[in-house]
Amino acid sequence: MITIRPEREEDYAAIGEVNRVAFGRENEARLVGNLRKSVNFIPELSLVAVKDGSVVGHILFSPIAIQVSNGNLPALALAPLAVRPEYQNQGFGSALVRHGLRQCRDLGHKVIVVVGHPEYYPRFGFSSARAKGLEVPFPAPDEAFMALELVSGALDGIAGLVIYPAAFDGV
Ligand SMILES: CC(C)(COP(=O)(O)OP(=O)(O)OC[C@H]1O[C@@H](n2cnc3c(N)ncnc32)[C@H](O)[C@@H]1OP(=O)(O)O)[C@@H](O)C(=O)NCCC(=O)NCCS
């Protein structure tokens, strides 16, 4: 039985630990902590997967902007997504992504960007972001840089650079 729910203050330490053990480094745990402090943080889009009362997975969607010729288009970055190693390949990651995307749509968001495993995210509807006209300000292989339109046509006619908050620098 998997429960997916928004994070609570008492989950902060466990969320840091899930990210630390999933990625084997501190960067993503620090990223989550820094994004949580930012004014743009959306607590409803920081979700945990709970199994037998323990946090075993976490996903965060946070605001970014796509710089287009006549201004900025709001979007969300999916990052990070983490499942404790001993719970991987049991559907927790998929449950977090699917629940998260529904929540993003319900809150009125239209576009999600991810830089991640090319074999993983297409199953949720993500596809090449460059093919949709997007670019990132750091090197990212075509197959790893993906986007999803929650509203069909949201990226029609859009060409632009994804601007990440400073918290992402060096992650
Ligand atoms: C990637 C991750 C979040 C997936 O979560 P999960 O709960 O293990 O995934 P699920 O059980 O929902 O899905 C399992 C599928 O994901 C695939 N998968 C798992 N880890 C993967 C990885 N690192 N790269 C590509 N695919 C991966 C499995 O091969 C499996 O594929 P299949 O359904 O075709 O057999 C998890 O493995 C993890 O935390 N990895 C370390 C951190 C990380 O890489 N995060 C994502 C950054 S983009």
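For the structure itself, consult the block above.
Notes on the structure in this doc start here. Throughout this description, residue numbers start from 1 for each chain and increase along the sequence as written. Local features in a predicted model are, by the rule used here, given only for residues with pLDDT of at least 70; side-chain atom pairs are given and counted only at 80 or more, and totals for whole chains, interfaces and linings are based on all residues. Note that the side-chain values use all heavy atoms of the structure and ignore hydrogens as well as water.

With respect to the side chain of D11
The numbering of helices and of strands both runs from the N terminus, where a helix is a DSSP run of H or I of at least 4 residues and a strand a run of E of at least 2. Residue placement: D11 occurs in the loop between β1 (3-6) and α1 (12-23). On the basis of relative accessibility, which here comes to 5%, the residue D11 falls in the buried class. With near-sequence residues (within four places) excluded, D11 lies in contact with R5, P6, V48 and V55. Residue exposure (1.4 Å probe, protein chains only): buried if accessible area is under 20% of the type maximum, exposed if over 50%, otherwise partly exposed. The contact rule is simple, with two residues in contact once any of their heavy atoms fall within 4.5 Å.

Some points on α1
To estimate how far a helix should extend, the number of its residues minus one is multiplied by 1.5 Å. With 12 residues, α1 should cover 16 Å at 1.5 Å per step; its first-to-last C-alpha distance of 17 Å lies within 8% of that length. Among all positions in α1, only I15, G16, V18 and N19 are buried. One side of α1 holds all its buried residues, which, seen down the axis, span an arc of 160°. Backbone geometry just after α1 places G24 at a positive phi near 65°. The arc under discussion is defined with respect to the helix axis, by the directions toward the C-beta atoms.

A few points about helix α3 (residues 92-106)
In this model, α3 (15 residues) spans 21 Å end to end at C-alpha, consistent with the 21 Å of a helix rising 1.5 Å per residue. Among the residues of α3, those classed as buried are F92, G93, S94, L96, V97, G100, L101, Q103 and C104. Packed against the buried residues of α3 are β1, β2 (46-51), β3 (54-68), β4 (71-83), β5 (111-115) and β8 (145-149). Looking one or two places after α3, you find G108, whose phi comes out positive at around 95°.

All we've got here are geometric facts, nothing functional implied.
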